[in-house]
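Residue strings, one per chain:
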Amino acid sequence: MALPEFTLRQLLEAGVHFGHQTHRWNPRMGQYIYGQRNGIHILDLTQTVPLLDAALNVARETVAKGGRILFVGTKRQASKAVAEAAERSAQYYMNHRWLGGTLTNWKTVSNSISRLKQIDEKLETGAEGLTKKERLGMEREQNKLQASLGGIREMGGTPDLLVVIDTNKESLAVAEANKLGIPVIAVLDSNSAPEGIDFPIPGNDDAARAISLYTDLIARAALDGMAVQMGSAGIDIGAMEEAPVEEAVADEAAAEAPAAEAPAEA
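Residues numbered from 1 in each chain as written. Predicted model: local features only at pLDDT ≥ 70, side-chain atom pairs only at ≥ 80, totals over all residues. Heavy atoms only, no water.

Peer 1: Explanation requested: the environment of leucine 213 in the structure shown.
Peer 2: You can see leucine 213 is positioned in helix H7 (residues 208–232). With 207 residues separating them along the chain, leucine 213 and phenylalanine 6 place their C-alpha atoms 9.3 Å apart. (Helix = DSSP H or I, 4+ residues; strand = E, 2+ residues; numbered from the N terminus.)

Written out as structure tokens, the structure is:
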């Protein structure tokens, strides 16, 4: 097993190097900016490559040691990619809205998760004894809780690593992780706030193609870590009915397909 490989060409084709309009930049991101073109900042991919590789190593080692990764991306462009990557690598995600206290007040969040599971069980058994109005109300509550907590319902405790797509939008998640000493991997665009990020990935955080590339690579690194963990536990992965790394290998070809992406939204 090995970390997933990627090339500078893949980063270019995904539009990772496109930042925002120059007047929207965060000066603290200056160290990661190569220059500008047509009023758009261009991020330095020669820095992105080793930093992304370092982030993949951290994801792999976290899972190899039995740790849990929480993917956080609530913006429209990131929502689907974050959920798919987490589910594929048996990790966790929040892609609807970050609930204040998700990490720092886990006990309260756990109570809400328990409530969601209770509702699921009741509705699965036919919701006997409920009126039509009560059932509709319960279904609405179920949908609301599922959107907010569905991706962490089986997490069982605070994660060991956060993966954040947009540090500006997810600033509360970053702050909570920092407070608890949970390491943070984050994509940093030209307008991002780099503070509190342990493993930065300078790159476009708006283009769907770029986001899919980051999440796919991290998911595959997590799968590699899972294989290491299972191997250390003496589990014969090859003998399993569904080897956990098969899907990652199958997806590698898809990740190679070229596609142009427009610059980040102004």
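Peer 1: What's the story with H7 in this structure? I'm lost.
Peer 2: For the α-helix, the turn length of 3.6 residues means that residues three or four positions removed from each other point alike. Taking 1.5 Å per residue, 25 residues should reach 36 Å; H7 reaches 36 Å between its end C-alpha atoms and fits that length. In terms of burial, H7 is a largely internal element, 18 of the 25 residues being buried. (Expected span 1.5 Å × (residues − 1). Buried < 20%, exposed > 50% of the residue type's maximum accessible area, 1.4 Å probe, protein only.)

Peer 1: Before we go on, may I ask you to explain the confidence of the model for the protein chain in this structure?
Peer 2: The predicted coordinates ought not to be read in detail in places where the model reports low pLDDT. Within the protein chain, residue pLDDT values average 89, and 86% of them lie at 70 or more. Contacts from residues 245–262, a stretch scored under 50 in pLDDT, to residues over four places away or in other chains number 32 contacts. (pLDDT = per-residue confidence, 0-100. Contact = heavy atoms within 4.5 Å.)

Peer 1: Any chance you could explain the sheet that holds strand E2 (residues 33–37) here in plain terms?
Peer 2: Strand pairs in the sheet, formed through backbone hydrogen bonds, run parallel or antiparallel to each other. Pairing within the open sheet is antiparallel, and its three strands lie in the order E1-E3-E2. Since the sheet does not close on itself, it has two edges, and those belong to strand E1 (18–21) and E2, each with one partner. The sheet shows a mean angle of 30° between the axes of neighbouring strands, taken without regard to direction. Pairing of E2 with strand E3 (residues 40–43) involves four bridges; the strand directions are antiparallel. Bridge assignment links glutamine 36 to a residue of E3, and that residue is histidine 41. (Pairing = 2+ DSSP bridges. Axes fitted to C-alpha atoms, helices over the stretch in contact; angles between N-to-C directions.)

Peer 1: In this structure, what is going on with helix H6 (residues 171–180)? I would like to understand it.
Peer 2: The set of residues buried in H6 consists of Ala173, Val174, Glu176 and Ala177. With its buried residues spanning 165° around the axis, H6 presents them on a single face. The secondary structure elements touched by the buried residues of H6 are strand E4 (69–72), strand E6 (161–164) and strand E7 (184–188). (Arc of directions from axis to C-beta.)

Peer 1: Would you mind going over the sheet that holds strand E8 (residues 199–202) with me for this structure?
Peer 2: Across the sheet, five strands lie side by side as E5-E4-E6-E7-E8; this open sheet has parallel pairing. The sheet is open, and its two edges are formed by strand E5 (92–94) and E8, each paired on a single side. Between one strand axis and the next, the sheet turns through 20° on average, direction left out of account. Here four bridges tie E4 to E6, and the two strands are oriented parallel to one another. For leucine 70, the partnering residue across the bridge sits in E6 and is leucine 162. Where helix H2 (residues 45–64) meets the sheet, its contacts fall on E4, E6, E7 and E8, and the angle it forms with E8 comes to roughly 140°.

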